[in-house]
Amino acid sequence: MSTAARQAFFDRTHTDDLIAFLGTSPSPYHAVASAAERLEKAGFRQVLETDSWDGVAGGRYVVRGGALIAWYVPAGAGPETPFRVVGTHTDSPNLRVKPIPDTGSAGWRQVAVEIYGGVPLNTWLDRDLGLSGRLTLRDGGRRLVQLDEPLLRVPQLAIHLDRQVNDGMKLDKQRHLTPIWGLGPVDEGSLIGYVAQRAGVDAAEVTGWDLMTHDVQPASYLGRDRELLAGPRLDNLLSVHAATAALAAVATAAETDGAALPYIPVLAAFDHEETGSESDTGAQSPLLGNVLERSVYARGGGLEDRARALAGTVCLSSDMGHAVHPNYSERHEPGHHPLPNGGPILKVNVNNRYATDGVGRAVFAAACEKAGVPWQTFVSNNAMPCGTTIGPITAARLGIQTVDCGIAALSMHSARELCGAEDPYLLASAIKAFLEG
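Residues numbered from 1 in each chain as written. Predicted model: local features only at pLDDT ≥ 70, side-chain atom pairs only at ≥ 80, totals over all residues. Heavy atoms only, no water.

Novice: Let's hear about the sheet that holds strand E11 (residues 220–222): which residues, and what values?
Specialist: With mixed pairing, the five strands of this open sheet are ordered in space as E11-E12-E20-E19-E15. Across the chains shown, the open sheet's two edge strands, defined by having one partner strand only, are E11 and strand E15 (321–322). Those strands touched by helix H2 (residues 12–23) are E11 and strand E12 (228–231), and its axis lies near 125 degrees from that of E11. Sitting on the sheet, helix H5 (residues 234–257) is in contact with E12 and strand E20 (417–420), with an inclination near 40 degrees to E20. (Pairing = 2+ DSSP bridges. Helix = DSSP H or I, 4+ residues; strand = E, 2+ residues; numbered from the N terminus. Contact = heavy atoms within 4.5 Å. Axes fitted to C-alpha atoms, helices over the stretch in contact; angles between N-to-C directions.)

Next comes the structure, spelled out in structure tokens:
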């Protein structure tokens, strides 16, 4: 597709909304809340896992911590109706606050942090960091907190004190990544006291917390022609946002235009993908399987209907992929060089680090063709290890056809990542076509 054709097709309002979504989603808990808010506007309603569910047509969603499962039951759907699932994840690598957070050294007040996921450590140096996450209260209540201001900073050592820094920086994860946030002696309880005060709760009522740092610089367009997007947490909130927009659009069309849907469209946004998905909110949990099964039963089905529904189900696992890097092109597979704004990428690995096979490729190609968007293929260089996604986990756990896709990006897992400004809309369009069947 030519540049002029792409720009004519590109709807910048989608990327504008993605920038807003990134700004309101500094933690997995906020990402779930932001996605739920958009779904509510499209007519979805929250259901609790502890409640009895009905099989009435319409949109519903379940929230568990930093995970969200949403689905739309079209009119006339039987208990054996298969699903079309888009799988994503809400977490991103960062620095997370330790259980005893107040620490310090040499007259500086600092905050003890633990490294979450595969973090390129140098990308967190000399950045103004805020705090976000959730507080758990004595009565079991939970309070989201988002402090979007420069509170913390991990200071780089001056080059005058490390003349060999440009010959190879080596950061000690325990000693060199502890942020500063003031001067003075260690003040036990001061961090949680401050966060609680900002959240409007009594610090004595806070008995648990899941807090993390985030770069307070907002996402923004980049480049002479504003054709690139730079921002935090693109991996993988870009996919969460695209899938949320696609599901809302499919449900809205079905409600307003009476569009027939041969499948039940589903969004699965998991937590803890960056650390292996082994949690009650991760892709290795029974969360998605339980929701799909209960949806079948709520529509009057049984085990036979469940088996029939899953046999016809397909999952599109959407996560960020690698664009060819202009300064390190030798690290990439020579015959596969995905570029920003070239459309979504199909991710393939014959060792099942990605779940895509030839059948899945055909499903993905059909969705892109229906949406009228270009697409690319990513394969790792044989000399480089290949990452993985929730795709193989979902395929193995539920026994369903799964395809891995995403968009091409640079600086994956950095505090700020980079992608094409057109690709988020192209991905959302392809996901929408996939969900429609």
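Novice: Got a sec to walk through the pattern of salt bridges? Specific residues and values, please.
Specialist: Under the definition given, this model contains 18 salt bridges. A salt bridge links Arg 153 to Asp 126, with the nearest nitrogen and oxygen atoms 3.8 Å apart. Linking Arg 153 in the loop between strand E8 (142–152) and strand E9 (180–183) with Asp 126 in the loop between strand E6 (108–116) and strand E7 (129–137), this pair joins segments that are 27 residues apart in sequence. The exposure class of Arg 153 is partly exposed, given its relative accessible area of 31%. By relative accessible area, Asp 126 is classed as partly exposed at 35%. (Salt bridge = Lys/Arg side-chain N within 4 Å of Asp/Glu carboxyl O. Buried < 20%, exposed > 50% of the residue type's maximum accessible area, 1.4 Å probe, protein only.)

Novice: Could you give an account of the UniProt feature "binding site: Zn(2+)" (unreviewed entry) in the chain, naming the residues involved and the relevant values?
Specialist: The sites that UniProt annotates as "binding site: Zn(2+)" (unreviewed entry) are His 89, His 160 and His 413. Spanning 325 residues, the annotated positions stay apart in the fold, the maximum distance between their C-alpha atoms being 41.6 Å. Mapped onto the elements of the fold, His 160 is located in the loop between E8 and E9. Here His 413 lies in the loop between strand E19 (408–410) and E20. What makes His 413 buried here is its relative accessible area of 18%. Setting aside anything within four residues of it in sequence, one finds His 413 in contact with Pro 93, Gly 118, Pro 120, Asp 235 and Glu 274. (UniProt positions renumbered as here; feature names shortened; annotations may be inferred.)

Novice: Just give me the short version of the packing of aromatic side chains, but keep the residues and values in it.
Specialist: All chains considered together, the criterion is met by five aromatic pairs. The interplanar angle of 65 degrees and the centroid separation of 5.9 Å between the aromatic rings of Trp 181 and Tyr 194 together place this pair among those described as edge-to-face. With a gap of 13 residues between them, Trp 181 in strand E9 and Tyr 194 in helix H4 (residues 190–199) connect regions that are remote in the sequence. On the basis of relative accessibility, which here comes to 23%, the residue Trp 181 falls in the partly exposed class. Judged by its relative accessible area of 25%, Tyr 194 is partly exposed. The aromatic ring of Tyr 221 is capped on one face by Arg 12, whose charged end is 4.5 Å from the ring centroid. When the ring centre of Trp 53 is taken as origin, the NZ or CZ atom of Arg 294, which lies over that ring, is 3.8 Å away. (Phe/Tyr/Trp six-rings, centres within 6.5 Å; stacked < 30°, edge-to-face > 60°. Lys NZ or Arg CZ within 6 Å of the ring centre and 35° of its normal.)

Novice: Pulling in residues and values, what's your account of the nonpolar core?
Specialist: With 55 residues, the main nonpolar core has Leu 68, Leu 238, Leu 247, Cys 419, Ile 431, Phe 434 and Leu 435 as its most contacted residues. For this core, the secondary-structure elements that each account for two or more residues are H2, helix H3 (28–41), strand E3 (67–73), H5, strand E14 (314–318), helix H8 (358–371), strand E18 (401–406) and helix H10 (423–436). The biggest single contributor to this core is H5, with eleven residues. Excluding residues within four positions of it along the chain, Leu 238 makes contact with Leu 18, Arg 233, Met 320, Ile 407, Cys 419, Pro 424 and Leu 427. (Core = buried A, V, L, I, M, F, W, Y, C linked by side-chain atoms within 4.5 Å.)

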